[in-house]
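Here is how the chains run, residue by residue.
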Amino acid sequence: MKLANRQLFGFDNTLVRDLHGLYQTWQPVSAPAPNLLVLNDSLAVELDLDPDALRSAEGVAALVGNAAPPGAANVALAYAGHQFGGYSPRLGDGRALLLGEIVDGRGHRFDVHLKGSGRTPFARGGDGKAAVGPMLREYVVGEALHALAIPTTRALAVIATGEEVLRERPLPGAVLARVAASHIRVGTFQYAAATGDSDLLRRLADHAIARHYPAVAGAEQPYLALLDAVVDAQAALIAKWMLVGFVHGVMNTDNMTISGESIDFGPCAFIDVHHPSAVFSSIDQFGRYAYGNQPRIGLWNLARLAGTLLPLVAADVDEAVEAVTEVLQRFTPRYEQHWLEGMRAKLGLRSAGPDDRALVDDLLARMTDAALDHTETFRALAKVLRGADPPPEALEPWVTSWRARLAAEGSHEAPAAAAMDRVNPLYIARNHLVEEALTAATDGDLAPLHDLVALLKHPFDAVPGHDRYALAAPGDAPPHVTYCGT
Ligand code: AMP
Ligand code: MG
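Summary of the structure given here.

About the criteria used
Residues numbered from 1 in each chain as written. Chains lettered and ligands numbered in written order. Predicted model: local features only at pLDDT ≥ 70, side-chain atom pairs only at ≥ 80, totals over all residues. Heavy atoms only, no water. Salt bridge = Lys/Arg side-chain N within 4 Å of Asp/Glu carboxyl O. Helix = DSSP H or I, 4+ residues; strand = E, 2+ residues; numbered from the N terminus. Buried < 20%, exposed > 50% of the residue type's maximum accessible area, 1.4 Å probe, protein only. 1 Å grid on protein atoms, 1.4 Å probe; cavity = no way out; pocket = protein on both sides within 12 Å on 5 of 7 lines; lining within 4 Å. Points joined across faces, edges and corners; volume = space filled by probe spheres on them. Axes fitted to C-alpha atoms, helices over the stretch in contact; angles between N-to-C directions. Parallel < 35°, antiparallel > 145°, perpendicular 65-115°, else oblique. Left-handed = near helix turned anticlockwise from the far one by under 90°. Contact = heavy atoms within 4.5 Å. Polar contact = N/O pair within 3.5 Å; in protein donor to acceptor, adjacent residues only side chain to side chain. Expected span 1.5 Å × (residues − 1). Nonpolar A, V, L, I, M, F, W, Y, C, P; charged D, E, K, R; others polar.

**Notes on the pattern of salt bridges**
Where charged atoms from two side chains of opposite charge approach closely, those side chains can pair. In this structure the tally under the stated criterion is 34 salt bridges. Here Glu46 ties to Arg154 by a salt bridge, and the two come within 3.3 Å at their closest N and O atoms. Taken together, the residues Glu46 in helix α3 (residues 41-46) and Arg154 in strand β8 (residues 154-166) connect sequence positions 108 residues apart. Owing to a relative accessible area of 39%, Glu46 belongs among the partly exposed residues under this scheme. Between Glu326 and Arg330 there is a salt bridge, and its shortest N-O distance comes to 3.7 Å. You can call Arg330 partly exposed: its relative accessible area is 30%.

Shown next, in the form of structure tokens:
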């Protein structure tokens, strides 16, 4: 058993060594009848883990929290956070534990973390558990984003516990074994800052720099450079979300990573009809986390991060505020640059032109007015270039300007269409398909989930016989609503 476990993970726990004061050691509760629902083979291989060992009884016991593999840290991380704008001084891993850190063959460090592993000292009113559906949703969405080259945490495994959890109705329980570059959040900095222990805050910032942005360690102002690096990572991340129509749904500061990875897929959804005010979450009544609001909220969250760093930036508060404000002001231009570059690629453009922003804005306004499907529209435009299909009526005049722009930069239409199809997904994790797969999985049939994930792993490549996966929900489907109930 020991030998098998040693083959599972070779943990090295820098966070536990560096950040005493930001976690509590804790034990997961035992799952009565663990059943491995999903093992992410390709992720395991990328991480130099042995999928067969993870599938073994010892492997499943480790992934569900029934047996601690050698070297496991088993800590619940402390963090605070602004949830829908309101500050909670103590959130933390209420139902999750960091098992430990692993380093892959390329020297990249990752957390292996269990979610749904029982109540911790941070659980407040919660039961510490998670249900099969939402944990499988993390798997589906993580794989979908990853295949779209969007930085994200990913599921290594989802294990049914054999226990029921009580939500609106009893549901099968599960543990998610999640892999992340780290679980350090904006909320982690908020918690550290609120302790008033400036040494702890500095250790956290130094740890985040060493782990995620080692190049800034040598900067003249490393903590300002850290903020700058996070600003850029989040500007790039949110631009990528916007380009594929992803709505995170709960961009609280505790759900925003310092690494720039997407995390915590509760009420998230991909938009179908393009609309800036698209909201899916049942609890987001005022559209704080609406599709089109995500860049603004990203900046708002980064301002909270900046606030925590003030004492590290300068002894004089005014000086510190001025310095971080200057860094925060870089967010919007950088976001727009990442986004516009991405939009050019979506439209097959190879060069930057002065009127591109206007061209793109015009397209999106027409898509909004005509209630066009975000994903389908970009694939349809490539077909227009191939002469395969006429443009959607609402886009006819726009298509004329776009083709003129392509011609002006000397782009031929066939290669432009091919380039578009390499960046515009055909298959996204459409809400009705995800729901269908999760419902079947909750009832014990995992086949639809595996079929869906297989397509999402190659989102640009058409698979014959799978047309319906590329289409929006039928027009008579009720509007999609997502729930935080996890
Ligand atoms: P989330 O909305 O998933 O980002 O979680 C926000 C906070 O609530 C975190 O501190 C979680 O650990 C905690 N939490 C969510 N669900 C539960 C649960 N079932 N039991 C204990 N804590 C929970
Ligand atoms: Mg969270």
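**Brief notes about empty space enclosed by the protein**
Inspection of every chain in the model, using the stated rule, returns four cavities of 30 Å³ or more. Estimated volume of the largest cavity: approximately 60 Å³. Lining the largest cavity, in full, are Gln234, Leu237, Trp241, His248, Met251, Asn255, Met256, Thr257, Glu261, Ser262 and Ile263.

**Here we look at the packing of helix α6 (residues 132-147) against helix α17 (residues 431-442)**
Contact pair α6 / α17: the axes reach a minimum separation of 9 Å and the direction vectors enclose 135°. Relative to α17, α6 is oriented oblique. Remark: the crossing between α6 and α17 carries right-handed chirality. Listed contacts from α17 to Val132, Gly133, Leu136, Arg137 and Val140 of α6 are Val434, Glu435, Leu438, Ala441 and Thr442.

**Quick word on the environment of Leu438**
Within the secondary structure, Leu438 is located in helix α17. Since its relative accessible area comes to 5%, Leu438 is described here as buried. Residues Leu438 and Gln190, 248 residues apart in the sequence, show an inter-C-alpha distance of 35 Å. Leave out the neighbours within four places in its chain, and Leu438 touches Gly133, Leu136, Arg137 and Leu449.

**Digging into the side chain of Asn40**
As for its placement among the helices and strands, Asn40 is situated in the loop between β2 (35-39) and α3. Among the polar contacts listed, one links the side chain of Asn40 to the side chain of Ser42, at a separation of 3.3 Å. Those residues in contact with Asn40 that lie beyond four places of it in its chain are Tyr139, Glu143, Arg154, Ala155, Leu156 and Lys457.

**Structural notes on the side chain of Asn252**
Summarising the element assignment, Asn252 is placed in the loop between β10 (246-247) and β11 (269-270). Here the side chain of Asn252 touches Phe84 through a polar contact of 2.8 Å, landing on its backbone nitrogen.

**What about helix α13 (residues 356-369)?**
The first and last C-alpha atoms of α13 sit 20 Å apart over 14 residues, in line with the 20 Å expected at 1.5 Å per residue. For α13, the full list of buried residues reads Asp356, Leu359, Val360, Leu363, Leu364, Met367 and Thr368. Where α13 is buried, its residues touch α12 (331-346), α14 (374-385) and α15 (396-408). Looking one or two residues past α13, Ala371 carries a phi angle of roughly 55°, positive in sign.

**Details of the packing of helix α10 (residues 294-313) against α12**
The N-to-C vectors of α10 and α12 enclose an angle of 140°; their axes lie 11 Å apart at closest approach. Put simply, α10 runs oblique to α12. Considering how the two elements wind past one another, α10 and α12 form a crossing that is right-handed. Between α10, through Pro295, Gly298, Leu299 and Leu302, and α12, the contact on the second element is made entirely by Phe331, Thr332 and Tyr335. The residue makeup of the contact of α10 with α12, split by class, is five nonpolar, two polar and no charged.

**Focus on unusual backbone geometry**
Phi at Asn74 is positive, roughly 50°, even though this residue is not glycine. Take Asn74: its relative accessible area is 4%, and that puts it in the buried class. Backbone geometry at Asp264 places phi at a positive 65°, although glycine is not the residue there. Here Asp264 falls in the buried class, since its relative accessible area comes to 12%.

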